Amino acid sequence: MVGRHTLSTRDAAEAAVSGPGTRREIVHWIGGRPVPGRGPRLEVADPSTGSVQAEVTAATLEDVELAVATAGEAYRSWREVPLGRRAQILFRYREALERRRREVAELVSREHGKVLADALGEVSRGAEVVEYACGIPALLAGSATPQVSTDVDVTSVRQPVGVMAGITPFNFPAMVPMWMFPIAIACGNTFILKPSEKDPGASLLLAELWAEAGLPDGVFNVVQGDRVAVDAILEHPGVAAVSFVGSTPVARHVYETAARTHKRVQALGGAKNHMVVLPDADLDRAADAAVSAGFGSAGERCMAVSVVVAVGAVGDALVEAIASRTRAVKVGPSLDPDAEMGPLVTAAHRDRVRAYVDAGVAEGAELVVDGRGLVVPGHEAGFFLGPCLFDRVQPHMSIYRDEIFGPVLCVVRVDTYDEALAILAANPYGNGVAVFTRDGAAARRFAMEVEVGMVGVNVPIPVPVASHSFGGWRASLFGDTHAHGPHGIHFCTRTKVITTRWGDPAERGPDLGFPRTR
Ligand code: NAD
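Please read these numbers as outputs of a predicted model, since none were measured by experiment.

Participant: Please clarify how the overall build of the protein should be interpreted in this entry.
Facilitator: From N to C terminus, the protein includes 17 helices and 23 strands. Its C-alpha atoms give the protein a radius of gyration of 25 Å, near enough to 24 Å, the size a compact globule of 518 residues would have. When its C-alpha atoms are laid out on the principal axes, the protein stretches across 85 × 60 × 40 Å. If you take every contact in the protein between residues at least 6 apart in sequence, the share linking residues at least 24 apart comes to 73%. Carbon together with sulfur atoms contributes 54% to the accessible area of the protein, which is approximately 20,900 Å² in total. Charge-centre separation for the protein: the mean point of 51 positive side chains lies 5 Å from the mean point of 60 negative side chains.

Participant: What should I look at first to understand the sheet that holds strand β23 (residues 493-501) in this one?
Facilitator: Within a sheet, each strand pairs with its neighbour through backbone hydrogen bonds, oriented either parallel or antiparallel. The three strands are arranged β6-β7-β23 in an open sheet whose pairing can be described as antiparallel. A strand with exactly one partner marks an edge of an open sheet, and here the two such strands are β6 (143-149) and β23. Direction aside, the axes of adjacent strands within the sheet are offset by 25° on average. Both β6 and strand β7 (residues 152-160) contribute to a ladder of four bridges, which runs antiparallel. Looking across to β7, one finds that Ser 149 is bridged to Val 152.

Participant: Would you take a moment to explain the pattern of salt bridges for this structure?
Facilitator: Evaluated as defined, the whole model comprises 33 salt bridges. Note that Asp 217 is salt-bridged to Arg 33, the shortest N-O span being 3.3 Å. Placement of the pair is Asp 217 in the loop between α8 (201-213) and β10 (220-222) and Arg 33 in strand β3 (residues 33-35), with a sequence separation of 184 residues. Asp 217 sits in the partly exposed class, given a relative accessible area of 44%. Measuring nitrogen to oxygen at the nearest pair gives 2.6 Å for the salt bridge that ties Asp 358 to Arg 372. Taken together, the residues Asp 358 in helix α13 (residues 347-362) and Arg 372 in the loop between β15 (366-369) and β16 (388-391) connect sequence positions 14 residues apart. Using a relative accessible area of 40% as the deciding quantity, one classes Asp 358 as partly exposed. Ionic contacts of the salt-bridge type, sharing partners, join the residues Arg 23, Glu 25, Arg 41, Glu 43 and Glu 55 into one network.

Participant: Where do I start with the side chain of Ser 196 in this structure?
Facilitator: In this fold, Ser 196 is placed in the loop between β9 (190-194) and α8. Within the structure, the side chain of Ser 196 is placed 3.1 Å from the backbone nitrogen of Lys 198, a separation counted as a polar contact. Among all residues touching Ser 196, those that are not within four sequence positions of it are Thr 168, Pro 169 and Phe 170.

Participant: Whenever I open this one, helix α12 (residues 315-327) confuses me. Can you help?
Facilitator: Helical periodicity: at 3.6 residues per turn, an α-helix aligns residues three or four positions apart in one direction. An ideal rise of 1.5 Å per residue puts 18 Å on 13 residues; α12 measures up with 18 Å between its terminal C-alpha atoms. Those residues of α12 lying buried are Gly 315, Leu 318, Val 319, Ala 321, Ile 322, Ala 323 and Thr 326. Summarising the contacts, the buried residues of α12 are in contact with β13 (273-277), α11 (283-295), β14 (305-311), β15, β16 and β17 (408-414).

Participant: What is the right way to look at the packing of helix α4 (residues 101-112) against α8 in this model?
Facilitator: Between two packed helices, what matters for the description is the angle formed by their axes and the separation of those axes. Where α4 meets α8, the axes come as close as 9 Å, and the angle between the chain directions of the two elements is 165°. As summarised for this structure, α4 and α8 are arranged roughly antiparallel, according to the angle between their axes. Between α4 and α8 the crossing geometry is left-handed. Taking contact as the criterion, the partners of Glu 103, Val 104, Leu 107, Val 108 and Glu 111 in α4 are, on α8, Gly 201, Ala 202, Leu 205 and Leu 206. Residue classes in the contact of α4 with α8 are distributed as six nonpolar, one polar and two charged.

Participant: I tried to follow the layout of surface pockets on my own but got confused; where do I start?
Facilitator: Empty space left among the atoms is revealed by rolling a probe the size of a water molecule over them. In this structure, the largest pocket encloses a volume near 830 Å³. Considering the residues around the largest pocket, the lining is formed by 38 residues, among which Lys 198, Phe 244, Gly 246, Ser 247 and Val 250 are closest to the centre. Listed by contribution, the elements that provide at least two residues to the lining of the largest pocket are α7 (175-186), α9 (227-235), β11 (241-245), α10 (248-260) and α13. In terms of residues, the lining of the largest pocket owes the most to one element, α10, which gives four residues. When grouped by side-chain class, the residues that make up the lining of the largest pocket number 17 nonpolar, 12 polar and nine charged.

Participant: Got a minute to help me understand the state of the cysteines in this structure?
Facilitator: The full count for this structure, using the stated rule, is zero disulfides. Cys 187 supplies the cysteine sulfur nearest to Cys 134, a cysteine that is in no disulfide, at a spacing of 13 Å. Taking the relative accessible area as the measure of exposure, Cys 134 reaches 7% and is therefore buried.

Participant: Help me understand the site of the ligand, please; the structure alone is not making it clear to me.
Facilitator: Not every one of the 27 residues close to the ligand is listed here, only the nearest: Lys 194, Glu 197, Ser 247, Gly 269 and Glu 403. Contact between the ligand and Phe 170: an oxygen atom at 3.0 Å from a main-chain N or O atom of the residue. Taking Gly 246, its main chain carries an N or O atom lying 3.3 Å from an oxygen atom of the ligand. Burial of the ligand by the surrounding chains reaches 89%, relative to a free accessible area of 830 Å². Elements with a minimum of two residues in the shell around the ligand: α9 and β11.

Participant: Teacher, can you tell me more about the sheet that holds strand β4 (residues 41-46) here?
Facilitator: Read from one edge of the open sheet, three strands run β1-β5-β4, paired in mixed fashion. Pairing within the sheet leaves two strands with one partner each, and these edge strands are β1 (24-26) and β4. Strand after strand, the sheet turns through a mean of 35° between neighbouring axes, direction not considered. Taken together, the three bridges between β1 and strand β5 (residues 51-57) define a ladder with parallel strand orientation. Bridge pairing in β5 links Arg 24 to Ala 54.

Cut-offs and rules
Residues numbered from 1 in each chain as written. Predicted model: local features only at pLDDT ≥ 70, side-chain atom pairs only at ≥ 80, totals over all residues. Heavy atoms only, no water. Helix = DSSP H or I, 4+ residues; strand = E, 2+ residues; numbered from the N terminus. Rg over C-alpha atoms; globule rule 2.2 N^0.38 Å. Contact = heavy atoms within 4.5 Å. Areas by Shrake-Rupley, 256 points an atom, 1.4 Å probe, with all protein chains shown as cover. Lys, Arg positive; Asp, Glu negative; His and termini not counted. Charge placed at Lys NZ, Arg CZ, Asp CG, Glu CD. Pairing = 2+ DSSP bridges. Axes fitted to C-alpha atoms, helices over the stretch in contact; angles between N-to-C directions. Salt bridge = Lys/Arg side-chain N within 4 Å of Asp/Glu carboxyl O. Buried < 20%, exposed > 50% of the residue type's maximum accessible area, 1.4 Å probe, protein only. Polar contact = N/O pair within 3.5 Å; in protein donor to acceptor, adjacent residues only side chain to side chain. Expected span 1.5 Å × (residues − 1). Parallel < 35°, antiparallel > 145°, perpendicular 65-115°, else oblique. Left-handed = near helix turned anticlockwise from the far one by under 90°. Nonpolar A, V, L, I, M, F, W, Y, C, P; charged D, E, K, R; others polar. 1 Å grid on protein atoms, 1.4 Å probe; cavity = no way out; pocket = protein on both sides within 12 Å on 5 of 7 lines; lining within 4 Å. Points joined across faces, edges and corners; volume = space filled by probe spheres on them. Disulfide = S-S within 2.5 Å. Near = heavy atom within 4 Å.

Below is the structure:
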């Protein structure tokens, strides 16, 4: 660590998790300890009350420089650490995460606004990736082909790429970073996380867990901040690879900039996920799924269902079944055990979502359930918006075209399966999609034909498990690899092919010809 005042780990932990009423200070984590930054301070809201609960210091160019230099130095020794020892550290990380999962979830819930049960689910989905990475000695196994020529053997090995960076969105402040860093670190890379400035507190807890697990200093680092930090990472020659998850315009910017600066890059973008309900579907099951996936986490999930496509005669009964369930959704502060849906992340985001609802009404869609008037007693200043359900939405309307990322569910009615598929094909996004039907052949045809990266059959949020990678198609992902799982191992390593001859060549003397197979 060079020339910078640091806080003790305990100071930072207290600063990051102290109770309501005090304004926490959220700092960077560089070289195994908290580091106060010098950049501007940004407010972190409490979405349930509308008050400010913390301040995060945005990184300057100098902060990013320090993080990259520290991670670069740590890489020289971490890449040499034997796989068995790396696996032991990952196992300890898994145990520490399990021990403190409620603490992580509560912090996520307090800063993001999602209800605690949802935040606990987020932590456990992140932990799955840590568990996957614990198998790194097997996952990094290469391949060998003996005797490809006389006494010549060829082996392929996977080696780390260097300093990797992860830039993450507000909606999964624990899980999305954990899609990235367990595998990056297990593969022998060092890592810099740039979390969302809207709910950055969990990043410091995740860093502390690494210290508890015995990870060498400098292998995992956090720089806080906004686009200044992101652009500094993208331009820095010391960063070899960037994983990004966020909205499509920023994903495109990250992909293009990182390619220009010769970095390996994967950039996961936004979504507009459709759920197609065929005429033979179990309507109660489909309505349950639409409401759970539409309004869970207040619609702030990249795998949220935002459009239900009702095929054939199911429209009226389906809309009625969804509407009655929508009216019953309990909205409340994120830590209220009775609440099923919390507030939106910021006042600005809530206002943006509400403006879409106004626009939908103005454009002629039928607002069957209107959540705009919702008041949560005792939390009048919180960023709440009740669930909204639109029927008879048309593809030209802004509520259909744009990713709203809030509790707004649109029903589009079509007559045939082919029309449903045409609507999906015309939509620029391709993250997730679901089909509800009792017909196996129809479901199989749908899964094979649809141009979307993750498909659910009678499953509304088809989030793959950690051993299968996560990613969309088209405007939902820029790059070649999906996140975590086998694609994660591929993204976090470079292939090296080693050709070896140890035997005594039968023919001696120079041979200027191109090597032939012998
Ligand atoms: P965002 O794009 O606004 O921010 C993502 C990250 O980029 C943050 O760390 C932010 O600080 C940074 N950033 C924001 N604007 C920037 C700019 N102009 N230049 C450089 N960096 C910038 O996304 P968000 O609002 O935090 O998250 C919601 C979005 O993320 C939604 O679009 C959602 O669909 C998407 N998302 C996608 C996936 C997926 O797997 N495809 C998963 C989760 C979220």
